[in-house]
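# An overview of the molecular structure
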Amino acid sequence: MSGNEAIAQGAWEAGVTFAAGYPGTPSTEVLESLAGYEGVDAQWSTNEKVAFDEGMGAALGGIRTLVTMKHVGLNVAADPFMVFPYAGTNGGFVVLVADDPGMYSSQNEQDSRYFAKMGKVPLLEPSDTDEARTMIREAYELSERFASPVMFRTTTRLAHTRGIVEPGARTDVPRRDFSPDSTRYAIPVYARFRRPELEEKLESLGAFAEEYGGNVVEEGDPAVGIVTHGVPYQYVKEVAPDATVLRLGMLYPLPEQKLKEFCARFDKVFVVEESEGFIQQEMASLGIQNVVGKERFTNIGELSADLVAAGLTGAPVQEDFSKEVAVLPRPPKMCAGCPHSGTFSALRKLKVLVTGDIGCYTLGCLPPLNAIDTTFCMGASIGNASGFSKAGEEKVVAVIGDSTFLHSGLPSLMSAVYNQIPTTMILLDNSTTGMTGHQEHPGTGHTLQEAPAPSVDFEALVRSIGVEHVTVMDPWELKDMRRAVKDALAHPGPAVVIARRACVLLPEEKARERIPYRVDEEACIQCDYCYESGCPALIRGAEYPWIREWECIGCDICAQLCPVDAILPVEAGTPAGSKEG
Amino acid sequence: MAVTNVLIAGVGGQGVILSSEVLALAALADGRDVKQGEFHGVAQRGGAVFSHVRFGDRVHSPMTPKGQVDYLLALERLEALRYGHFVKPGGTVIVNDHKVEPVRMADVRSYPDDGNDFLTEKGFEVVVVPATATAVEIGNHRAANVILLGALAAHLDIPGEVWDKTLEERIPPRLLALNQKAFAAGREMVVAGKPG
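Predicted model only: the values in this text are computed from it and were never measured. (Residues numbered from 1 in each chain as written. Chains lettered and ligands numbered in written order. Predicted model: local features only at pLDDT ≥ 70, side-chain atom pairs only at ≥ 80, totals over all residues. Heavy atoms only, no water.)

### A look at the overall build of chain B
Note the following rule: Labels follow the DSSP assignment, with helices taken as runs of H or I lasting at least four residues and strands as runs of E lasting at least two, numbered in each case from the N terminus. For this measure, only C-alpha atoms enter the radius of gyration; the expected value for a globule follows 2.2 Å times N^0.38, where N is the number of residues.
When helices and strands are counted, chain B shows 7 helices and 6 strands. When its helices and strands are written in sequence order, chain B yields β-α-β-β-β-α-β-α-β-α-α-α-α. Taken against the 2.2 N^0.38 rule, which gives 16 Å for 196 residues, the C-alpha radius of gyration of chain B at 16 Å falls within 12% of a compact globule. Seen through its C-alpha atoms, chain B measures out along the principal axes to roughly 45 × 40 × 35 Å.

Below, the structure is given as structure tokens:
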């Protein structure tokens, strides 16, 4: 089982009956996996804050609840995250937050442990797959015992490592009665009463941390003491199997006495932690001084056994071969026939400034498309485009996917309409959440469990908020797309172009009969325009381009870019992929 | 039993994850502790993908430290170079004789066609397997990953019947015959001692 699957298994065993989240690597598979269990009502919500709010309601209503998101999702859900602890929960409430050190699929590195401290929320972090299962069960007991939300942190490495898991049985937890008490919620006058209680709760949680079985000392060499947590614990065991180790499973609040007693046994204690020096800083604030941490273990990227060994002993890390041989980078790219390629091929000729958003289409910023100028966070494209207009840019286009638009794009579009900013937005509607692996959303017509659901009518939606200029286009038709974008830019108010074509990787699209294309070398003038499509099926040959026919799905974008009609459908009988060696 | 470290690398879409899952399940079925640490997500779309599979008595780090990999299985030639430094001195590199040009970035150097020679000069045992070409011959270019897995299996001490059973359990029925054929072809190439 992967770490994510183990978390789902553990949540099911803990008696979770409601789970909500928004897809985000590396957290996505928890909810996808949980959806397959009997007795769990799991759902994709519109965004992380919505999921968190729904989860709060469910937990206050008395059922065990899981809410899932990636690190940046917690930024979106930060508002309820910070306020919920004041009221406290009724049924067990756990928010799973998956950090991505190394930025394998993220725009930033963010150590979410600081959120736990800021929100005064207890924080657990497992160190391997099976512990992920058992620890999330403990998280629910902790949550109910202290009537507090609990944060459960993982990282990419934990989430995507497969290991051996011993599944247990489900504990059915009866619904806890909800007793209305308005003094727990709402207005400042009550919150002021709650504030000192929060500190008292934190103190009790600190006492719990001293006894908690997930904070363990593993005796070893009395001369070498290491404090560690999570996946870095595995690196420590790999490279320093004999050391005396304090492994922290509860990272906030920390067990003050336990740490002090442990550190008193050694001249010097190493703190091996990934990302920022959170534990180290907490220890410093407790007055523990014989600590070496971030001086030796980088806060940039992901740690590894090599880096931990280097930090402990000063041993050099094996270098890669890139100085000796051309190890060319291989960034991901858009698929053959990707509808976004059509949109970007059309945009390139228009010489517009393009504000991007979060999704597969972010890859449009890479060569050869070079079609996106800015990318920040979910939903940012539209507001950014409006801002560029305010700064005097005349031709600005925001590109945003269907799932992202529903997540957090809509308020920005409303602001553009309300303030009559001539923002042009292209909705890249591929009928799915593509980047994270095809999750359903409120516009796809299906639920997480693939059951039929109402689907958002995007044209009606944007018209209803006051966008007057709305066109729907097929992004494979480059000329139509170009004309539509030009018309939208010329419109004096906000305008929306819906580029609608399903993701080519969706099963129903893959099943479609396709006629691949080929290059007619006699007609080809080697102008290289076709390469601008960025299509992975179009291969740069020694003289002429050629098309890997098993990959080509016949979108004909390259043929539209060709000025001399040298790219044609394959006639029947021509062997496919004949150039492969 | 010492830990055996395998690193599988390739291009998103080539089946790195599937082949590493089959390997991990086979090792598990053979009674070993197993960890599989993989990277996926964005790289599904034509980017570099890797997966570490480690098995033995007790495995800690999900990723093998650099310079300790016993077998590097590269589904593409450039990817063998990208992860070559993970291989232990004298370790084995099993490489698909297949080239996928990456997206052109700022790096103006051309694709290194002499990569296999470079790895041989580094002292690794380089086993070149024409996996993609063979896969096309037996009916589907996508089976290259399983051909390479067959070539790897010939180097490991996991019994043949464990592999057979794992393939049956993990591969969907409609693709099973093709993959069994691919696995056998890869294994045969190494056993016969004349890959490439």
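From this point, the narrative continues.
### Things to note about the packing of aromatic side chains
All names here are of chain A. Note the following rule: Ring pairs are drawn from Phe, Tyr and Trp, using the six-membered ring of Trp, whenever the two centres fall within 6.5 Å, and their geometry is named by plane angle: stacked under 30 degrees, edge-to-face over 60, tilted for the rest. Each residue is placed in one exposure class: buried if its accessible area under a 1.4 Å probe, protein chains only, is under 20% of its type's maximum, exposed if it is over 50%, and partly exposed if it falls in between. Our definition puts a charge over a ring when NZ of Lys or CZ of Arg is within 6 Å of the ring centre and also within 35 degrees of the ring normal.
In this structure the tally under the stated criterion is 17 aromatic pairs over all chains. Consider the rings of F84 and F93, whose centres lie 5.0 Å apart with planes at 85°: the pair is edge-to-face. For the pair shown, F84 and F93 are each scored as buried. Site record: aromatic cluster; members linked through ring pairs are F52, F81, F84, F93 and F115. Taking the ring centre of W476 as reference, the NZ or CZ of R501 above it sits at 3.6 Å.

### Some remarks on the pairing of strand β3 (residues 48-56) of chain B
All names here are of chain B. Selection criterion: Following DSSP output, two strands are said to pair if at least two bridges run between them.
Burial analysis of β3 places 9 of its 9 residues in the buried class, which makes it a mostly covered element. Neither face of β3 is exposed, since A48, F50, H52, R54 and G56 on one face and V49, S51, V53 and F55 on the opposite face are all buried. Bridge count between strand β1 (residues 4-11) and β3: 8 bridges; the pairing is antiparallel. Its bridge partner being in β3, A9 is matched across the sheet by F50. In the sheet, strand β2 (residues 33-39) pairs with β3 via 7 bridges, with the strands oriented antiparallel. Each residue of the ladder has a partner; that of G37, found in β3, is H52.

### Examining helix α18 (residues 478-490) of chain A
Residue and element names in this part refer to chain A. Threshold: An expected span of 1.5 Å times one less than the residue number is assigned to each helix. Arc definition: directions from the helix axis to the C-beta atoms. Residues count as neighbours in contact if any of their non-hydrogen atoms are within 4.5 Å of one another.
Under the 1.5 Å per step criterion, the end-to-end length of α18 is 18 Å for 13 residues, consistent within 8% with the ideal 18 Å. Buried residues of α18: L478, M481, R482, A484, V485 and A488, and no others. Taken end-on, α18 shows its buried residues confined to a sector of 165°, consistent with a single buried face. Of the exposed residues in α18, the ones pointing more than 90 degrees away from its buried face are K479, K486 and A490. Summarising the contacts, the buried residues of α18 are in contact with α14 (339-348), β15 (396-401), β16 (424-429), β17 (469-473), β18 (495-500) and α20 (557-561).

### Thoughts on the packing of helix α6 (residues 160-170) of chain B against helix α7 (residues 173-191) of chain B
All names here are of chain B. The following threshold applies: Note on definitions: angles span 0 to 180 degrees between N-to-C directions of axes, and those axes are lines fitted to C-alpha atoms, for helices only across the stretch in contact. For this classification, under 35 degrees means roughly parallel, over 145 means roughly antiparallel, 65 to 115 means roughly perpendicular, and everything else is oblique. Should the near helix be turned anticlockwise from the far one by less than a right angle, the crossing is left-handed, and should it be turned clockwise, the crossing is right-handed. Asp, Glu, Lys and Arg are counted as charged, while Ala, Val, Leu, Ile, Met, Phe, Trp, Tyr, Cys and Pro are counted as nonpolar; the rest, among them Gly, fall into the polar class.
Axis separation between α6 and α7 bottoms out at 10 Å; the angle between their running directions is 150°. The orientation of α6 relative to α7 falls into the category roughly antiparallel. When you trace α6 past α7, the crossing you get is right-handed. Contacts from W163, L167 and E168 of α6 reach α7 at L176, Q180, F183 and R187. Here the residues of the contact of α6 with α7 sort into 4 nonpolar, 1 polar and 2 charged.

### Section: the sheet that holds strand β8 (residues 216-218) of chain A
With mixed pairing, the 5 strands of this open sheet are ordered in space as β8-β10-β9-β12-β13 (chain A). Since the sheet does not close on itself, it has two edges, and those belong to β8 and β13 (291-292) of chain A, each with one partner.

### Considering the domain arrangement of chain A
All names here are of chain A. Let me state the cut-off plainly: Note that the domain bounds reflect an automated or database-derived domain assignment. Once two parts are brought into contact, the accessible area they lose, counted with a 1.4 Å probe and summed over both, makes up the buried area.
When cut into domains, chain A gives domain 1 (3-211), domain 2 (216-317), domain 3 (339-510) and domain 4 (517-569). Domain 3 and domain 4 are separated by 27 Å when their C-alpha centres are compared. With 11 residues of domain 3 in contact, the opposing surface of domain 4 contributes 10 residues. Taken as a group, P368, W476 and L478 account for 53% of the area that domain 3 buries against domain 4, more than any other trio of residues on that side.

### So, the interface of chain B and chain A
Short version of the rule: The term salt bridge refers to a pairing of a side-chain nitrogen on Lys or Arg with a carboxyl oxygen on Asp or Glu at a separation within 4 Å. Polar contacts here mean pairs of N or O atoms no more than 3.5 Å apart (in protein, one a potential hydrogen donor and the other a potential acceptor; neighbouring residues in sequence count only if both atoms are side-chain atoms).
Each partner contributes to the interface: chain B provides 57 residues, whereas chain A provides 49 residues. Interface area for chain B against chain A, summed over the two sides, is near 4900 Å², with a carbon-plus-sulfur share of 62%. Inspection of the region where chain B meets chain A yields 6 salt bridges. For E38 of chain B, the salt bridge goes to R162 of chain A, with nearest N and O atoms at 3.7 Å. Linking chain B with chain A are 15 residue pairs in polar contact (both at pLDDT 80 or more), by the criterion used here. Among the secondary structure elements, those contributing two or more residues to the side of chain B that touches chain A are α1 (16-29), β2, β3, α2 (77-83), α3 (115-121) and α4 (131-138) of chain B. With 7 residues, the single largest contributor to the side of chain B that touches chain A is β2 of chain B.

### Thoughts on the pattern of salt bridges
Residues and elements named next belong to chain B. With the rule as written, the count across this model stands at 50 salt bridges over all chains. The partner of D33 in a salt bridge is R58, and the shortest N-O contact between them spans 3.7 Å. Of the two residues, D33 sits in strand β2 while R58 sits in the loop between β3 and β4 (69-74), which places them 25 residues apart along the sequence. Look at R58 and you get partly exposed, because its relative accessible area is 48%. Two residues, R77 and D97, come together in a salt bridge whose shortest N-O distance is 3.1 Å.

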